[in-house]
Amino acid sequence: MQNENTFYSDAGSAGQSVPVVVWGTGNMGRASIRAVAAHPGLELVGALVANPDKVGRDAGELAGLDRPLGVPATADVDTALAALGGGGAVAYMASGDVRPDEALADVARALAAGAVVVTPAVYALYDQRNAPAAMREPLLAAARAGRSALFVSGVDPGWGNDLLPVLVSSLAGTIDQVRCQEIFDYATYDAPDAVRFLVGMGEPMDYEPPMVAAGVPTMVWGGQVRMIARALGVELDEIRETLDRRALDADVTNQMGTFVAGSQGALRFEVQGVVGGEPLIVVEHVTRITPGVAPDWPVPPDGGDGAHKVVIEGRPRIEVSLEATDEFVDGIGNRAAGGNATAANRLVNAIPWLLTAEPGLYDGLDVPLAPPTGRLGRTTPASIGR
């Protein structure tokens, strides 16, 4: 059942510092370190890294902060978890895309050790109620053994197509369709393997990107469609997928290298929740490697690098567009980093609530919003990451 409280405030916990370990210091890990450092009720006590070149470096430096945090990075999992004293929390930000079994084992280890765990790493657990039993049951057992809780979420999938559309839908009288869109220029991403080989950018047009192979979009985003349906009291007849791809007309070069003419330059797909033959709940992705390709497809409303949108077709018609920017350099931020930061903050801000919850697994409709109490006016772009 959805939590009856839309908002949760941990203002009453002032002075009670919760120890947190951030596991992984890549794109999401950097944002999570900053999120923990900014939270008045949390204390960073560990930063776990896999790259030996990062061992011993201060977590503040790794996160792009303008100050040290006094927490040296370590590759020793036992030492990091021991710093939590049998409780606290782990922000698990190591990738689960190509190592799902290892990610699940890591999460279970932290849960069993008594730590609340927040992570975006395992897509099937975003809608944990419908996750495979072989995945769900060991984690539930670990959570019960450790008297701990797990919350898995991100941006898209994540708040962009569970929390945000449900909140916006509360402003409607009648609804004909709910559409969630992610529209992004992937040239801003610092993840060449994922952009090229998972999404297919720069690959031949006869290459089948694993991210959009038949059934994969439903595996990743179908849970979000089911959660919206759950919130709106709708029984879905089926979930369908659509796919369209476009080739580049000319070579494009960015920080990830050259993407040659004739290779994939844009990707568009939908995951549709169907009722009575009609797609009533739609998660749509429009992804480009350069702004000029597929100009007839949706673009960010402000012409920027990316946006997340929710469109409620109904009465009234409601359209919300959200753009986030972070990791500023010379006053110019990055929207891919901004999206990562929103996901990290949603997860990290949920830690105090999860510490009060019954042991178990939770999703984006279970966990209430946690406003950043006590943080108004405390940060500027220069101080939160460069």
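Structure first, text after, so check above.
An account of the accompanying structure is given in this report. (Residues numbered from 1 in each chain as written. Predicted model: local features only at pLDDT ≥ 70, side-chain atom pairs only at ≥ 80, totals over all residues. Heavy atoms only, no water.)

### Quick word on the overall build of the protein chain
Part 1 of the reasoning: On a plain count of helices and strands, the protein chain comes out with 11 helices and 16 strands.
Part 2 of the reasoning: Expected size for 386 residues packed as a compact globule is a radius of gyration near 21 Å; at 20 Å, the protein chain falls within 12% of this value.
Part 3 of the reasoning: With the C-alpha coordinates aligned to their principal axes, the bounding extent of the protein chain is approximately 55 × 45 × 45 Å.
Part 4 of the reasoning: Going through the 386 residues of the protein chain one by one, you find that 54% of them count as buried.
Part 5 of the reasoning: Contacts in the protein chain between residues at least 24 apart in sequence constitute 71% of all its contacts with a sequence separation of at least 6. (Helix = DSSP H or I, 4+ residues; strand = E, 2+ residues; numbered from the N terminus. Rg over C-alpha atoms; globule rule 2.2 N^0.38 Å. Buried < 20%, exposed > 50% of the residue type's maximum accessible area, 1.4 Å probe, protein only. Contact = heavy atoms within 4.5 Å.)

### As for the packing of helix H1 (residues 27–38) against helix H9 (residues 335–349)
Part 1 of the reasoning: One way to put it is that H1 packs onto H9 with a least axis distance of 8 Å and a crossing angle of 50°. One finds that H1 runs oblique with respect to H9. For the pair H1 and H9, the crossing hand works out as right-handed. Where H1 approaches H9, its residues Asn-27, Met-28, Ala-31, Ser-32, Ala-35 and Val-36 are matched on the opposing element by Asn-340, Ala-341, Ala-343, Ala-344, Asn-345 and Val-348.
Part 2 of the reasoning: Counted by class, the contact of H1 with H9 contains 8 nonpolar, 4 polar and no charged residues. (Axes fitted to C-alpha atoms, helices over the stretch in contact; angles between N-to-C directions. Parallel < 35°, antiparallel > 145°, perpendicular 65-115°, else oblique. Left-handed = near helix turned anticlockwise from the far one by under 90°. Nonpolar A, V, L, I, M, F, W, Y, C, P; charged D, E, K, R; others polar.)

### Describing the pattern of salt bridges
Part 1 of the reasoning: Under the counting rule described, the total for this entry stands at 22 salt bridges.
Part 2 of the reasoning: The shortest N-O distance in the salt bridge between Arg-230 and Asp-363 comes to 3.1 Å. Of this pair, Arg-230 sits in helix H8 (residues 216–232) while Asp-363 sits in the loop between strand E16 (360–362) and helix H11 (381–384); the two residues are 133 residues apart in sequence, bridging distant segments of the chain.
Part 3 of the reasoning: Overall, the relative accessible area of 30% leaves Arg-230 in the partly exposed class.
Part 4 of the reasoning: The residue Arg-230 makes a salt bridge to Asp-366 at a minimum N-O spacing of 3.8 Å. Pair noted here: Arg-230 is in helix H8 and Asp-366 is in the loop between E16 and H11, with a separation of 136 residues, a long-range link.
Part 5 of the reasoning: Members of the salt-bridge network, linked through shared partners, are Arg-30, Arg-34, Asp-326 and Glu-327. (Salt bridge = Lys/Arg side-chain N within 4 Å of Asp/Glu carboxyl O.)

### As for the pairing of strand E5 (residues 149–152)
Part 1 of the reasoning: Residues Ala-149 and Phe-151 of E5 are buried on one face, and the alternating residues Leu-150 and Val-152, pointing to the opposite face, are buried as well.
Part 2 of the reasoning: Two elements, strand E4 (residues 116–119) and E5, share 3 bridges in a ladder whose sense is parallel. Opposite Thr-119, over in E5, you have Val-152 as the bridge partner.
Part 3 of the reasoning: Regarding topology, helix H5 (residues 133–146) serves as the crossover connection from E4 to the parallel E5, and that connection is right-handed.
Part 4 of the reasoning: Direction of pairing for E5 relative to E16: parallel, over a ladder of 3 bridges. Bridged to Leu-150 within E16 is Leu-361. (Pairing = 2+ DSSP bridges. Right-handed = clockwise from strand over helix to strand, strands pointing away.)

### Focus: the sheet that holds strand E3 (residues 89–92)
Part 1 of the reasoning: What the 6 strands build is an open sheet, ordered E2-E1-E3-E4-E5-E16; its pairing is parallel. Of all strands in the sheet, those bounded by a partner on one side alone are strand E2 (42–48) and E16. Mean inter-strand twist for the sheet, computed between neighbouring axes without regard to direction, equals 20°.
Part 2 of the reasoning: With 3 bridges joining them, E3 and E4 adopt parallel strand pairing. Bridging across to E4, Val-90 finds its partner in Val-117.
Part 3 of the reasoning: Each of strand E1 (18–23), E2 and E3 touches H1; the most contacted strand, E1, lies at about 165° to it.

### Regarding unusual backbone geometry
Part 1 of the reasoning: At the junction of Asp-156 and Pro-157, the peptide bond is cis and its omega measures out at 5° in the coordinates.
Part 2 of the reasoning: Tracing the backbone shows Pro-157 in the loop between E5 and helix H6 (163–169).
Part 3 of the reasoning: That bond from Arg-315 to Pro-316 is cis: its omega, -5°, falls within 30 degrees of zero.
Part 4 of the reasoning: Its location among the elements puts Pro-316 in the loop between strand E12 (306–315) and strand E13 (318–322).
Part 5 of the reasoning: With a phi angle near 55°, Arg-147 is a residue other than glycine that sits in the positive phi range.
Part 6 of the reasoning: As for its position among the elements, Arg-147 is in the loop between H5 and E5.

### Things to note about H1
Part 1 of the reasoning: Helix length check: H1 (12 residues) gives 17 Å between terminal C-alpha atoms against 16 Å at 1.5 Å per residue, within 8%.
Part 2 of the reasoning: Most of H1 sits inside the fold, with 9 of its 12 residues counted as buried. (Expected span 1.5 Å × (residues − 1).)

### Things to note about the environment of Gly-26
Part 1 of the reasoning: Its place among the elements puts Gly-26 in the loop between E1 and H1.
Part 2 of the reasoning: Under the relative-accessibility criterion, Gly-26 is labelled partly exposed at 32%.

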